[in-house]
Amino acid sequence: MSRVLTPVNRVGVDERAAALGRRSIKTTAKRQGIRLAASMIDLTTLEGADTPGKVRNLCAKAVAPGLGLAPVAAVCVYPALVGVAVEAVTGTGVAVASVATGFPSGQTSLDVKVLETREAVAAGAAEIDMVISRDAYLAGDDARVAREISAVKEACGDAHLKVILETAELPTYAHVRHAAELAIAAGADVIKTSTGKAASGATPGVVLVMLEVVRDHLWRTGRVVGVKAAGGVSTTKAALGLLVLVKETLGDEWLTPSRFRIGASSLLNDLLLQYAKLDGGHYGRAEDFSKE
Amino acid sequence: MATVTRAALQWDYAPAPEARDAASLRSSYDLFIGGEWVAPARRVATINPATEEPLAEVGSASASEVAAAVAAARAAAPGWAALAPLERGKYVFRIARLIQERARELAVVESLDGGKPIRESRDVDVPLAAAHFFSYAGWADKLSYALGGRSFAPRGVVGQIIPWNFPLLMAAWKLAPALACGNTAVLKPAETTPLTALLLASICEEAELPPGVVNVVTGDGAAGAALVRAEVDKVAFTGSTAVGKEIACALAGTDVALTLELGGKSANIVFEDAAIDQAVEGIVDGIFFNQGHVCCAGSRLLVQESVAEEVVRKLWARMERLRVGDPLDKNTDVGAINSAAQLERITSLVAAGSREGAERRSISCALPDAGYWFPPTLFLDVAPAHRIAVEEIFGPVVSVMTFRTPREAIERANNSAYGLAAGVWTNNGAQAFSVARELRAGVVWQNTYNRFDPTAAFGGYKESGFGREGGPAGLLPYVRLTV
Amino acid sequence: MRPRRAVAKTYKLYVGGAFVRSESGRSDAVGGVNVPRGSRKDVRDAVKAARGAFAGWSARTAYNRGQVLYRFAEALESRAGELARADGARGEHADAGGGEHADAGGARAGGARGEHTGAGGARADAAADELGAAVDLLVHYAGWTDKLGAVLGGVNPVAGPHLSFSLPEPTGVVAVLAPDAPDVLGLVREVAPCLAAGNTVVALVSRTSPLRPLDLGEIAGVSDIPGGALNLLSGRLDELLAPLCGHRDVNAIVDASGDPSIAATIDELAAETVKRVSRPRPDTDPLTRLEAVLELKTAWHPVDT
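Residues numbered from 1 in each chain as written. Chains lettered and ligands numbered in written order. Predicted model: local features only at pLDDT ≥ 70, side-chain atom pairs only at ≥ 80, totals over all residues.

S.K.: Outline the overall build of chain B, listing residues and values.
M.R.: When helices and strands are counted, chain B shows 15 helices and 19 strands. Within chain B, the proportion of its 483 residues that are buried is 62%. Expressed as a percentage of contacts within chain B between residues at least 6 apart in sequence, the contacts between residues at least 24 apart total 73%. (Helix = DSSP H or I, 4+ residues; strand = E, 2+ residues; numbered from the N terminus. Buried ≥ 20, exposed ≤ 12 C-beta atoms within 10 Å, placed from the backbone. Contact = placed C-beta atoms within 7 Å.)

Set out below in structure tokens:
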């Protein structure tokens, strides 16, 4: 069956996203926006060199970011480190998320993906970030993409499933829209832009398209699907820009970590820098905050 | 993500006003005639339509003061026309640069005087004005290429009357080609928005433009009428169709050349296969840009019946997020209505719409107590014969109608005395171009709306006027073809 | 051989591709021939015919329009001698009568009635020259149809992610006030650019020499010019000026009457519906004439970057 794409006009999307990017967020709005953005972060480390020590440091920062900011939403780690993270954040309100399904490429069998998911959940992950099979999607095999999502969703049990579209590898915004709809139909609790390992990540245009998909889905079915912007969101300006996109596409009731997340590793430090500047009145320096 | 339960925040943007001190307005302004600031016999206050507070006193030029400006332009004409074309162009380039250098000041004054959001004056009006001078500056020494090898001379003295919706930009559209072609000009800005034209006069001074090449006489309609009847060689007018017709009559039987850029009731046509979310943005941009004070505003929304419900739902949701208020706030989307008179006109046409049976929906935003405001409004169940579907409202009011087939859409779109612009939203390239071809309108935006560029001709068919501004065609009104 | 009587031709208006008597039933004797005296209702019918023909004519490909105009040139060339003789014959009498168009019997006695009188001399040469020039003008404009877009339009190098282009389109229904003289060349000079640009035309032909211009209608009628694209009315300027120039469905007026005394009236009538008015002189450049009956449409389309 040939794929039917809902048209998306890229220039129009980018113009709208750029216009929203010019919103001026100052003073109290900036202060509140930084707190909000920080609370939405999935503080992430996904490196081959990740160790229990590094994850514990990350968790400490997630629980107490500094400057009186509330804990972030979650930490996001590889499956092997879920146990370490769970131990570090239990009782703090910070969730543990794990990537799974052959992250970041997804080039492995469904059995392995399901097994990896089950292990991560068993280790205590409350959220699973899976990747779609771009090989299948780009070859037009939407059924396989959907089947895998459904299988992983089932393997998640009570854990929430975030489905990474890896939008940088999709041909057009229309495909972003289509893949998002596919993921939602197959059971995604959250649709997520990127792995952070591709050439580009959560660009404002891509996020806008995905927010419009979840809005349309909500209107049609009444079901809330979350959105996670991940990849390349490293500055306060970019993060506040995402909040503007959410606010003006979906409304204030979406300004909560239960509906919108930002996957990031270095963003939190820039938020802290900017937050401190609001109080101190002087521009800060990187050394003022722990990198880990 | 019930895994993390935290309450949603009411996050709103804090006020983000552009610093008003970027513009140091004087308490009063003179007329700019022959390179001098000449005290007028009579002054009137120009007010901030967002607050009704007076901003400055400006001249209300009399017929004799207008005549003096025309005489100054006449005196300057031979020298300006005789200047080496490249040198003439260099002055125009200089004006473009000075506009860029004084961009902040111009944007703030434009928003103060006219009520438009700073976001627009900053991102659209001022940059486009500079771009227009920059583009036409380069034509000064290349005119013969644009004129098909015909021999030509400047018209001489041109009288230019501009409207209040894009005061600086319309001054640029008028002056840039006139100067590039070797004419001298008398510019009459609109009564309610004289300030940026006066700043532009000061920029001409700063650019050391020879005295008399550009003259700015502020005043009301009577000053405009005096300019039309003065000893000018060409009149260029942008404004209402009614006044355009009066000017055409006033010049009947004379040799004075005329170009008119008049009103519109432009159709924005959304087909069922369009990218709906972007179409909705285009609808919003088409009708709420500059409070709908736009001659090419997409004031008639024609939606294919099969997607009408979705489009209207999304449009309404989008409208409810429009931020109406302080024009100087950087987050304002819709500013103040330009004048009490315009507010009255909008209000009365909207009342007619309700009376005639259309369903009115206006967004429930808080409007300031002082100043002139009108909430973004849409009308459903509009019949093509309703006044709100026929007459130019020139305000933030869109009339929604449905159609069933492309043929019906085209016929309805063309069923208007006007023919300025149109929008076509479809993902089918062949349909986009075939509909665009059949629309009797001077500008057709396909899957976009309200795009302007100095290289692209703009102007209307039918009662939307004649002559073009922008591109090589924009030079023609400003030359006399000698054979 | 038994002398025979020539069959006189009844001159008619050319409206909607048909040759019709004036609705008014009136005629004016011009050069001894009864010429239909067009009425305001004839104007109405002609404008209606022109409007009806506009969609089809303007939608023709430029190549096709060019060939149709070329066909018109061919048809005129093939009958140029006949028209020249018509003029020459009338001219001889007119000269004798001391006024160019004053003679009452010339045309009736001459070519218009088909009695070949062997017109010669400078007058005939001038007439032949005029007809030749008219043919050449049609050829010239036949070649314009597919050049307009290149000369007057093009891609606009806009500063943004859009393809923008401007292209000329016909203004619509054009009213032409042809000059009194030269009767044929003066008419062709004004209607040819209108037709080349894709407009449809209602022309008021020479008031003093309407016969050959009406003959031109017959030539148009057997060329491939579609019915209604070119409509020719004879009649009195003072009667037809207001109905024609004031007609709300006329989009442009080409005033080649050469009569400055009617300019203000025309302009005022035009202002009512913002008609475009041009006043070409005999030496006005073809491009300028074309521009006078063309609009420029600018289209924009986003381009993914």
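S.K.: Summarise the overall build of chain A; cite the residues concerned and give the values.
M.R.: When helices and strands are counted, chain A shows 11 helices and eight strands. For chain A, whose C-alpha radius of gyration is 18 Å, the value lies close to the compact-globule estimate of 19 Å for 292 residues. If you line up chain A on its principal axes, its C-alpha atoms span 60 × 45 × 35 Å. A total of 292 residues make up chain A; the buried ones form 58% of that total. Here the contacts in chain A between residues at least 6 apart in sequence split such that 74% fall between residues at least 24 apart. (Rg over C-alpha atoms; globule rule 2.2 N^0.38 Å.)

S.K.: Describe the interface of chain B and chain C, naming the residues involved and giving the relevant values.
M.R.: Every contact between the two is made by 38 residues of chain B and, on the other side, 33 residues of chain C. Secondary structure elements with two or more residues in the side of chain B that touches chain C: α9 (241–250), α15 (429–438), β17 (443–446) and β18 (465–466) of chain B. When residues in the side of chain B that touches chain C are grouped by element, the largest group, five residues, is from α9 of chain B. Along the lines of polarity and charge, the residues of the side of chain B that touches chain C split into 20 nonpolar, 11 polar and seven charged. (Nonpolar A, V, L, I, M, F, W, Y, C, P; charged D, E, K, R; others polar.)

S.K.: Can you lay out the interface of chain B and chain A for me, pointing to particular residues and giving the numbers?
M.R.: In this assembly, 29 residues from chain B lie in contact with 41 residues from chain A. When residues of the side of chain B that touches chain A are assigned to their parent elements, the largest contribution, four residues, is made by helix α10 (residues 276–288) of chain B. Of the residues contributing to the side of chain B that touches chain A, the split by class is 12 nonpolar, nine polar and eight charged.

S.K.: Got a sec to walk through the packing of helix α1 (residues 10–21) of chain A against helix α9 (residues 204–221) of chain A? Specific residues and values, please.
M.R.: Residue and element names in this part refer to chain A. It is the contact of α1 with α9, at a shortest axis distance of 8 Å, that shows an interaxial angle of 105°. As far as their axial angle goes, α9 and α1 are roughly perpendicular. Contacts from V13, D14, R16, A17 and G21 of α1 reach α9 at P204, G205, L208 and V209. Its residues assigned to classes, the contact of α1 with α9 shows five nonpolar, two polar and two charged. (Axes fitted to C-alpha atoms, helices over the stretch in contact; angles between N-to-C directions. Parallel < 35°, antiparallel > 145°, perpendicular 65-115°, else oblique.)

S.K.: Describe the sheet that holds strand β4 (residues 127–131) of chain A, with residues and values.
M.R.: What holds strands together in a sheet is hydrogen bonding between their backbones, with the strands either parallel or antiparallel. Residue and element names in this part refer to chain A. Pairing in this closed barrel of eight strands is parallel, and the strands run β1-β2-β3-β4-β5-β6-β7-β8 around the ring. Along the sheet, successive strands turn relative to each other by an average axial angle of 25°, direction set aside. Here strand β6 (residues 190–192) runs beside strand β7 (residues 226–230); their pairing, made up of three bridges, is parallel. Counted as the bridge partner of K192 is K228 from β7. Contacts from α9 reach β6 and β7 within the one sheet, and its direction differs from that of β7 by about 170°. (Pairing = 2+ DSSP bridges.)

S.K.: If you had to explain the environment of K277 of chain A to someone new, which residues and values would you point to?
M.R.: Checked against the element boundaries, K277 of chain A lands in helix α11 (residues 267–280). Beyond its immediate chain neighbours, meaning those up to four positions away, K277 of chain A contacts H282, Y283 and G284 of chain A.

S.K.: So what about helix α6 (residues 167–180) of chain B? Which residues, and what values?
M.R.: End to end, α6 of chain B covers 20 Å across 14 residues, agreeing with the expected 20 Å (1.5 Å per residue, within 8%). Counting buried residues in α6 of chain B gives 14 out of 14 residues, a clear majority hidden from the surface. (Expected span 1.5 Å × (residues − 1).)

S.K.: Lay out helix α7 (residues 142–156) of chain A with the relevant residues and their values.
M.R.: Residues and elements named next belong to chain A. Between its terminal C-alpha atoms α7 stretches 21 Å, which fits the 21 Å expected from 15 residues at 1.5 Å a residue. Looking only at α7, the buried set comprises V145, E148, I149, V152, K153, A155 and C156. Buried residues of α7, viewed axially, fall in a sector of 160°; they line one side. Buried-residue contacts for α7 involve α5 (110–122), β4, α6 (134–138), β5 (160–164) and α8 (173–185). (Arc of directions from axis to C-beta.)

S.K.: Lay out the nonpolar core in plain terms, naming residues and giving numbers.
M.R.: Counting 363 residues, the largest nonpolar core has V75, A183 and I191 of chain A together with L138 of chain C as the members making the most contacts within it. By residue number, the principal contributor to this core is α6 of chain B, which donates 11 residues. Both of domain 1 (13–77 + 136–302) and domain 2 (84–129) of chain C provide at least three residues apiece to this core. Beyond its immediate sequence surroundings of up to four residues, A183 of chain A is in contact with I132, I149, V163, L165, A188 and I191 of chain A. (Core = buried A, V, L, I, M, F, W, Y, C linked by C-beta atoms within 7 Å. Domains from an automatic or database assignment.)

S.K.: Can you tell me about the sheet that holds strand β12 (residues 300–304) of chain B, naming the residues and giving the values?
M.R.: A sheet is described by the order of its strands in space; here 10 strands give the open sequence β13(B)-β14(B)-β15(B)-β12(B)-β11(B)-β16(B)-β17(B)-β12(C)-β6(C)-β5(C), paired in mixed fashion. The open sheet is flanked by β13 (359–362) of chain B together with β5 (154–156) of chain C, the only strands paired with a single partner. Along the sheet, successive strands turn relative to each other by an average axial angle of 20°, direction set aside. In this sheet, strand β12 (residues 294–302) of chain C lies alongside strand β6 (residues 162–170) of chain C in antiparallel orientation, the contact comprising nine bridges. Within the sheet, the bridge partner assigned to H162 of chain C lies in β12 of chain C and is P302 of chain C.

S.K.: Talk me through unusual backbone geometry; I want residue IDs and the actual numbers.
M.R.: Residue P104 of chain A is reached from F103 of chain A by a cis peptide bond, and omega for that bond is 0°. Within the element layout of this structure, P104 of chain A appears in the loop between β3 (95–99) and α5. A cis amide bond, omega -5°, links A181 of chain C with the succeeding residue P182 of chain C. Structurally, P182 of chain C is set in the loop between β7 (173–177) and α7 (183–196). One non-glycine residue, Q291 of chain B, adopts positive backbone phi at about 60°.

S.K.: Give me the pairing of strand β16 (residues 421–425) of chain B: which residues, what numbers.
M.R.: Residue and element names in this part refer to chain B. For β16, the buried fraction is high: five of the five residues fall into the buried class. The alternating pattern of β16 places A421, G423 and W425 and A422 and V424 on opposite faces, both of which are buried. With four bridges connecting them, strand β11 (residues 267–270) and β16 associate as parallel partners. Bridge pairing in β16 links V270 to W425. In terms of strand pairing, β16 meets β17 through four bridges, oriented parallel. Within the sheet, the bridge partner assigned to A421 lies in β17 and is V443. Between β16 and its parallel partner β17, the chain crosses via α15, and the hand of that crossover is right-handed. (Right-handed = clockwise from strand over helix to strand, strands pointing away.)

S.K.: Please provide a residue-by-residue account of the environment of H247 of chain C, values included.
M.R.: All names here are of chain C. Along the chain, H247 turns up in the loop between α9 (237–245) and β10 (252–255). A residue is classified by how many C-beta atoms lie within 10 Å of it, and H247, with 25 of them, is buried. Residue contacts for H247: discarding those within four places in its chain leaves V43 and V47.

S.K.: Residue-level account of the pairing of β6 of chain C, with values.
M.R.: Residue and element names in this part refer to chain C. The buried fraction of β6 amounts to seven of the nine residues, a majority that puts the element mostly inside the structure. Here β5 runs beside β6; their pairing, made up of three bridges, is antiparallel. Directly across from G154, in β6, lies its bridge partner S166. Between β5 and β6, which pair antiparallel one after the other, the connecting turn spans five residues.

S.K.: Residues and numbers for the packing of helix α2 (residues 85–101) of chain B against helix α7 (residues 195–206) of chain B, please.
M.R.: All names here are of chain B. Closest axis-to-axis distance for the α2/α7 pair is 9 Å, and the angle between their directions is 125°. In terms of their interaxial angle, α2 and α7 are classed as oblique. Where α2 crosses over α7, the two elements pack in a sense that is right-handed. The residues of α7 that touch α2, namely those facing I95, L98 and I99, are I203, C204 and E206. Counted by class, the contact of α2 with α7 contains five nonpolar, no polar and one charged residues. (Left-handed = near helix turned anticlockwise from the far one by under 90°.)

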